[in-house]
Structures are given as structure tokens and as C-alpha cells.
Amino acid sequence: MPVRVITDNVAVARVGLEDIFAQYNEGMTSIWKDIAPHSMSTMQAFIEMQQDGDFQMAPIVNENNPIIDDDFFIGNDFKVTPVKRGLGFSMSSETHETDQYGQFSKVVPKLKLAFNKTREAAGAARINNCTSTAAAYVNPDGVALASASHTYDGGTTSNYMTSAFGPTALENMVQNQIRVISHRGDPDPQMGPYDLLIAP
């Protein structure tokens with residue numbers, strides 16, 4: 001019976017692998033583009049955002065009375081300081097030259113996936129912390145994204161619901177979106193379509 005001996009060294013005894021099991025998500029989602037579609041440059045020390053208002057409705061001016069002045073600047077602004085993220089991978093020249101399984105040819109696609117995953121996590125953090133009043137998550141008006149005390153010209157208004165999720169709560173959410181008001185208290189209905197984000 002013929003016997004073929006390749007080598008006694010176990011490390012080089014095989015010419016390939018039967019299978020490689022991916023222990024990560026090979027798909028690349030891009031939900032972050034819907035949540036935070038704008039990219040920021042680190043060329044500036046910070047980026048400043050400002051909430052803009054509108055003029056009130058023009059009142060009647062009686063004879064010999066002055067026309068009143070109005071202002072549309074709300075006064076709420078917010079500074080965003082960009083952060084730098086980095087991720088690298090090092091390998092020896094010998095590893096690069098003897099990559100017989102093609103494993104290290106995956107480095108660049110895996111790095112791209114890692115940065116996309118980072119954007120996904122950063123975008124999700126904004127939603128997952130929508131009730132947080134930490135400096136990283138508050139709105140320009142100084143309160144959480146979901147809050148019962150958003151300010152407008154006539155006082156405060158709420159976009160925060162505490163009821164358990166279900167058909168009735170979903171109806172209420174849509175109705176509340178339709179009842180949204182502007183800074184002046186004018187109707188500013190958000191008619192959809194809506195994106196429903198539910199935490200796991």
C-alpha cells in the first residue's frame with residue numbers, strides 16, 4: 001500500500017483549511033447615515049449649531065401706533081467638538097509574504113467594516129441615550145432629545161412618552177407628531193413617513 005508523507009511538522013503539514021468560521025457580522029449596514037448623515041471635519045476646533053426660530057404673525061397696527069419689532073433668533077446654540085478615532089493592524093513581512101490561506105488579505109475589508117460598525121454604534125448611541133441629559137446628548141435647548149420640557153415661545157412642550165409600546169401608544173405617537181408646534185407655537189405637523197426605532 002503506497003504511503004505519501006508530506007512532512008512531520010504539523011504547522012506546515014496541510015496545504016489549506018477546510019473552512020473558516022466568521023465570528024462577526026459580515027453584513028455592512030448603514031443605518032447611521034439616516035441618523036447622522038453629515039460628516040464632520042477635524043480641520044476646525046469645533047462645529048457650532050444654532051436653533052432658528054421664525055417671526056410671529058403680524059399684528060394689527062392702529063393709527064398713530066408704532067409697528068413692533070420682532071426677532072427670530074431663539075438663542076439656543078450648541079458646540080460639537082469632533083473626536084478622532086483610529087484602528088490599525090500590524091504584521092511581520094514574513095507573514096505578509098507567506099499568507100498561503102489568504103487570511104491577511106482580509107485586513108482592509110475588515111478595517112472598513114470596523115469603522116462602519118463604529119459609525120453604527122455612534123449613531124445608535126444618540127437614540128439609545130435619547131433621555132440622557134449628559135453633555136454629549138443634550139439638544140441645543142439644553143434638554144434631552146426626548147423630553148417633556150422642550151422650550152418654545154409660549155413655555156414648554158413635550159415629545160416624550162412613557163406609556164408601554166403597543167397599538168394605542170403607536171397611534172398616540174403619530175398623533176403627537178401631527179401636533180408638533182414651531183418655536184412660536186404655530187402648527188408644524190410632522191406628517192411622516194416615520195422611522196420607528198425600538199431598542200432590543
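Basis of the calculations
- Residues numbered from 1 in each chain as written.
- Predicted model: local features only at pLDDT ≥ 70, side-chain atom pairs only at ≥ 80, totals over all residues.
- Heavy atoms only, no water.
- Helix = DSSP H or I, 4+ residues; strand = E, 2+ residues; numbered from the N terminus.
- Buried < 20%, exposed > 50% of the residue type's maximum accessible area, 1.4 Å probe, protein only.
- Areas by Shrake-Rupley, 256 points an atom, 1.4 Å probe, with all protein chains shown as cover.
- Patch = residues over 30% accessible without salt bridge, like charges linked within 9 Å, V, L, I, M, F, W, Y side chains within 5 Å.
- Salt bridge = Lys/Arg side-chain N within 4 Å of Asp/Glu carboxyl O.
- Expected span 1.5 Å × (residues − 1).
- pLDDT = per-residue confidence, 0-100.
- Contact = heavy atoms within 4.5 Å.
- Polar contact = N/O pair within 3.5 Å; in protein donor to acceptor, adjacent residues only side chain to side chain.

### Section: the overall build of the protein
When you go through the protein residue by residue, the secondary structure sums to four helices and four strands. Scanning the protein from its N terminus toward the C terminus, one meets helices and strands in the order α-β-β-α-α-β-β-α. When burial is assessed residue by residue, the protein has 13% of its 200 residues classed as buried. Only carbon and sulfur atoms are counted for the fraction: they give 55% of the accessible area of the protein, which is about 16,200 Å².

### Things to note about unusual backbone geometry
Trans is the common state for peptide bonds, and a negative phi is the common state for residues other than glycine. Of note, the bond from G192 into P193 is cis; its omega dihedral lies within 30 degrees of zero at 5 degrees. Topologically, P193 is positioned in the segment after helix 4 (167–178). Unusually for a residue other than glycine, N64 sits at a positive phi of about 65 degrees. N64 gets classed as exposed once you look at its relative accessible area, which sits at 76%.

### Re a nonpolar patch on the surface
Nonpolar side chains collect at one region of the surface, where F165, L170, V174, I178, M191, Y194 and L196 lie side by side and expose about 640 Å² of accessible area between them. Within the fold, L196 resides in the segment after helix 4. The partly exposed category is assigned to L196, whose relative accessible area is 47%.

### Overview of helix 3 (residues 107–128)
Counted at 1.5 Å a residue, the expected span for helix 3 with its 22 residues is 32 Å, and the 30 Å between its end C-alpha atoms agrees. Every buried residue belonging to helix 3 is among V107, L113, A114, N116, E120, G123 and A125, and all of these are buried.

### Considerations on the pattern of salt bridges
For the structure shown, the criterion picks out three salt bridges. A salt bridge links R184 to D70; the nearest nitrogen and oxygen atoms lie 2.7 Å apart. With R184 in the segment after helix 4 and D70 in the loop between strand 1 (47–52) and strand 2 (73–80), this pair connects stretches of sequence that are 114 residues apart. Since its relative accessible area comes to 29%, D70 is described here as partly exposed. Of the charged contacts, one joins R184 and D153 as a salt bridge, the two residues approaching to 3.2 Å between their closest N and O atoms.

### A short note on the confidence of the model for the protein
When pLDDT is averaged along the protein, the result is 77, and 76% of the positions lie at 70 or above. Averaged pLDDT values over the elements of the protein bottom out at 67 in helix 1 (residues 32–35) and peak at 88 in helix 4. Taken as a whole, residues 1–13 scores under 50 in pLDDT and shows three contacts with residues more than four places along the chain or in a different chain.

### Points about the environment of N159
The residue N159 is located in the loop between strand 4 (155–157) and helix 4 in this model. In this structure the C-alpha to C-alpha distance between N159 and S147, which are twelve residues apart in sequence, comes to 5.8 Å. Polar side-chain contacts of N159 include one of 2.8 Å to the backbone nitrogen of S147. Side chain to side chain, N159 and H150 meet in a polar contact 3.2 Å long.

### Quick word on the environment of V83
With respect to the secondary-structure elements, V83 resides in the loop between strand 2 and helix 2 (93–97). By relative accessible area, V83 is classed as exposed at 62%.

### A closer look at the side chain of S182
Within the secondary structure, S182 sits in the segment after helix 4. For S182, a relative accessible area of 14% translates into the label buried.

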